[in-house]
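Summary of the model geometry
For reference, the chains in residue letters:
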Amino acid sequence: MVFKDEQQIFNYIRANQQTDKWVTDARAYHKRLLALIDGDGFKDLLINKIEHIEGTQKAIARKKYARSIKDFYERLLRLTDNVYSSTGGVKRYENLTDAQKEELEEHLHSIKGGQTLESWLESIWLTVYHQDPNGIIFLEYNSELDIKPQPSYKSINTIRNYVSNGQTLEVLLFEPKALNDGIKQWYIVDDERFYTVNQSNESFVIDEDGTFEHQFGIVPAVVNSDIEHIGYDKRLSPVDKVVELSEEYARDLSVKTIYKFQQGFPKHWRYASLCPSCHGTGKDGQGSTCGDCNGTGELFRGDVTNEDRLTVPEEGDSVIAPGSGYVNPSLEYLADTRIELKELEDTATYTMWGTVVQTQSQATATEIIANLQPVSKRLNKYSDVAQRMESLLTEMIANNLFITKPKDEKVASISYGRNFVLETVDTVLERYETSKEAGDNATILDRLYQEYLLTKYKSDNVGLQVAITKSKVEYYLHYTVEQIQEVFGSKEAQRKVLFDDFWKTVTNFDQNSETLRNQYNAWFNTKYEPPVEPVEPVV
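Just so it is clear, the structure is predicted and the values come from calculations on it, not from any experiment.

Some details on the overall build of the chain
Per the secondary structure count, the chain includes 18 helices and 15 strands. Across the 539 residues of the chain, 40% fall into the buried class. Summing over all exposed atoms, the chain offers an accessible surface of approximately 30600 Å²; the carbon and sulfur share of this is 49%.

See below:
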């Protein structure tokens, strides 16, 4: 959208003198998510008095000592790490000269703090995607200082309104700043310009010093979430369907915490001991308060704050022997609460990911693979929106860097890898070994071995590439020396045995596998020793 004239700009600002309801709702939603996921404002927002059940003092104590559930969401969202750690994928930049490609790639690798655009999105956008779905990623730059476009996160709290078209925007209006003399300063963006507008009462004036043309070809912003709330203007977080469940988890956890405080210490009891000085009257011989018991008539010993004192039984009353002891708290409630909290977390995990991921000790390798299929489907959805975010921002950045480029001509072809590492190393290795024992063909074994390497070197891209290269160079990768000896003879068996010695001599792993295999063959020919044939004894 492009504003036709100043009056249209002023009319849009007039229409937004009051914050729109959808923005107010989006801010409240953001506050609620932030309390749950990050623990920010957790106690004030979520730990409230339970009406008709809980007294005021207990509610105050529960609020004071309750802890946030950000660890709950850390576990729930841990699988999203796979979106940016998966292998595969491709990024191509087309319809640009070689010099332009080099400039674009260099800039995309020098985002704030020397990050790549992808790594910045992983650390910032993936977080606010869950916490602030209606906020935006906004591109800022300063041509006078030669600062090229840089992404920044803008909370929904800083935005007065915007008109969206999918995840892109037609127009964006920020919250006004209060200047001297009661002047409000508005910042508004359309597809062509950044406008600064000063408002004094009902009068509006464009500030020419703060108004300039940009080259993005579109409002340089992308809405954090792609999930539309049908029938409403605000967007939803990917965790929306477990929000209420997690609030129940928070309440149960806070009650459990207070129970531990109240019942965690054994309570002492004893029969009351009469004061030997006043014989329980509380008075001395002169009618004054007894100085030994302070008028209570009882003899105090130790710390009585956690003690119940029983009246000494009279003749005919039941007597508890011995005359003192401890009342221990029931542990059944704590045990039941732990089970309930585990069930709530499992329900949240199943709702979010379509399964409760089992450990290797709980399930067979086949069962684990079946359980992880819905996880892969959900991660594919995450990857779809993640690569869309990077693609949209890359197109806007390219438009700004190369002003002669047609604004509607696409240059970025970005596809994220989908080789998600969801199993443990032991599980994948077990499947590989089982397949070898079953005599499966080399194609199946190659695939399983690659999955094993992807899992083993999940956080080590350099180690992964070296391991993959090694697997392509090594002869008879999936077979034992004994199997090779039996089928191919002693020379090929030695080729298998000596490979690790050769690999220790390799220093340049950037060479292709064919070159390295030729090097190995030459090295092997210098090391190979034919077996000595046994000499027949002379008769």
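Notes on the pairing of strand β2 (residues 136-142)
Two strands pair when backbone bridges link them, and β2 and strand β3 (residues 147-154) are joined in this way by 6 bridges, in the antiparallel orientation. The partner of phenylalanine 138 across the bridge, within β3, is serine 152. In this antiparallel pair of consecutive strands, β2 and β3, the connection spans 4 residues, and aspartate 146 shows a positive phi of 55 degrees. Direction of pairing for β2 relative to strand β11 (residues 221-223): antiparallel, over a ladder of 3 bridges. What sits directly across from isoleucine 137, in β11, is valine 222.

Quick look at the pattern of salt bridges
Two side chains bearing opposite charge may form a pair once their charged atoms approach each other closely. Evaluated as defined, the whole model comprises 20 salt bridges. In this structure, the salt-bridge partner of aspartate 71 is arginine 75, at a minimum N-O distance of 3.1 Å. Taken together, the positions of aspartate 71 and arginine 75, both in helix α5 (residues 70-76) and 4 residues apart, correspond to about one turn of that helix. Overall, the relative accessible area of 28% leaves aspartate 71 in the partly exposed class. Two residues, arginine 495 and glutamate 492, come together in a salt bridge whose shortest N-O distance is 3.0 Å.

A closer look at empty space enclosed by the protein
Under the criterion given, the structure shown has 1 cavity of 30 Å³ or more. Looking at the largest cavity, its volume works out to about 40 Å³. As for the largest cavity, its lining consists of Ser85, Thr87, Val421, Leu454, Tyr457, Lys458, Asn461 and Leu464. Along the lines of polarity and charge, the residues of the lining of the largest cavity split into 4 nonpolar, 3 polar and 1 charged.

Remarks on the packing of aromatic side chains
Tallied over the full model, the rule gives 32 aromatic pairs. Taking 6.3 Å as the distance between ring centres and 55 degrees as the angle between the ring planes, the aromatic pair formed by tyrosine 141 and phenylalanine 194 counts as tilted. Separated by 53 residues along the polypeptide, tyrosine 141 in strand β2 and phenylalanine 194 in strand β8 (residues 193-200) bring together distant segments of the chain. By relative accessible area, phenylalanine 194 is classed as buried at 2%. Taken together, the ring pairs connect Tyr475, Tyr476, Phe488, Phe499, Phe502, Trp503, Phe509, Tyr520, Trp523, Phe524 and Tyr528 into an aromatic cluster.

Looking at the state of the cysteines
By definition, a disulfide links the sulfur atoms of two cysteines through a covalent bond. Evaluation of the coordinates by the stated rule reveals 0 disulfides. Unpaired in this structure, cysteine 278 has its nearest cysteine sulfur neighbour in cysteine 293, at a distance of 3.8 Å.

Description of the packing of helix α16 (residues 490-497) against helix α18 (residues 513-527)
At their nearest, the axes of α16 and α18 sit 11 Å apart, and the two run at 115 degrees to each other. Handedness of the crossing formed by α16 with α18: right-handed. Judged by residue contacts, Lys491, Gln494, Arg495 and Lys496 of α16 engage Tyr520, Asn521 and Phe524 from α18.

Section: a negative patch on the surface
Side chains of Asp5, Glu6, Glu208 and Asp209 sit close together on the surface and give a patch of like negative charge. The exposure class of glutamate 208 is exposed, given its relative accessible area of 55%.

Digging into the nonpolar core
By size, the foremost hydrophobic cluster in this structure holds 76 residues, and its most contacted members are Tyr73, Trp125 and Leu172. Ranked by residues supplied to this core, first place goes to helix α11 (residues 365-401) with 12 residues. When near neighbours in sequence (up to four residues on either side) are disregarded, tryptophan 125 contacts Tyr84, Trp120, Ile137, Asn224, Val385, Ala386 and Met389.

Analysis parameters
- Residues numbered from 1 in each chain as written.
- Predicted model: local features only at pLDDT ≥ 70, side-chain atom pairs only at ≥ 80, totals over all residues.
- Heavy atoms only, no water.
- Helix = DSSP H or I, 4+ residues; strand = E, 2+ residues; numbered from the N terminus.
- Buried < 20%, exposed > 50% of the residue type's maximum accessible area, 1.4 Å probe, protein only.
- Areas by Shrake-Rupley, 256 points an atom, 1.4 Å probe, with all protein chains shown as cover.
- Pairing = 2+ DSSP bridges.
- Salt bridge = Lys/Arg side-chain N within 4 Å of Asp/Glu carboxyl O.
- 1 Å grid on protein atoms, 1.4 Å probe; cavity = no way out; pocket = protein on both sides within 12 Å on 5 of 7 lines; lining within 4 Å.
- Points joined across faces, edges and corners; volume = space filled by probe spheres on them.
- Nonpolar A, V, L, I, M, F, W, Y, C, P; charged D, E, K, R; others polar.
- Phe/Tyr/Trp six-rings, centres within 6.5 Å; stacked < 30°, edge-to-face > 60°.
- Disulfide = S-S within 2.5 Å.
- Axes fitted to C-alpha atoms, helices over the stretch in contact; angles between N-to-C directions.
- Left-handed = near helix turned anticlockwise from the far one by under 90°.
- Contact = heavy atoms within 4.5 Å.
- Patch = residues over 30% accessible without salt bridge, like charges linked within 9 Å, V, L, I, M, F, W, Y side chains within 5 Å.
- Lys, Arg positive; Asp, Glu negative; His and termini not counted.
- Charge placed at Lys NZ, Arg CZ, Asp CG, Glu CD.
- Core = buried A, V, L, I, M, F, W, Y, C linked by side-chain atoms within 4.5 Å.

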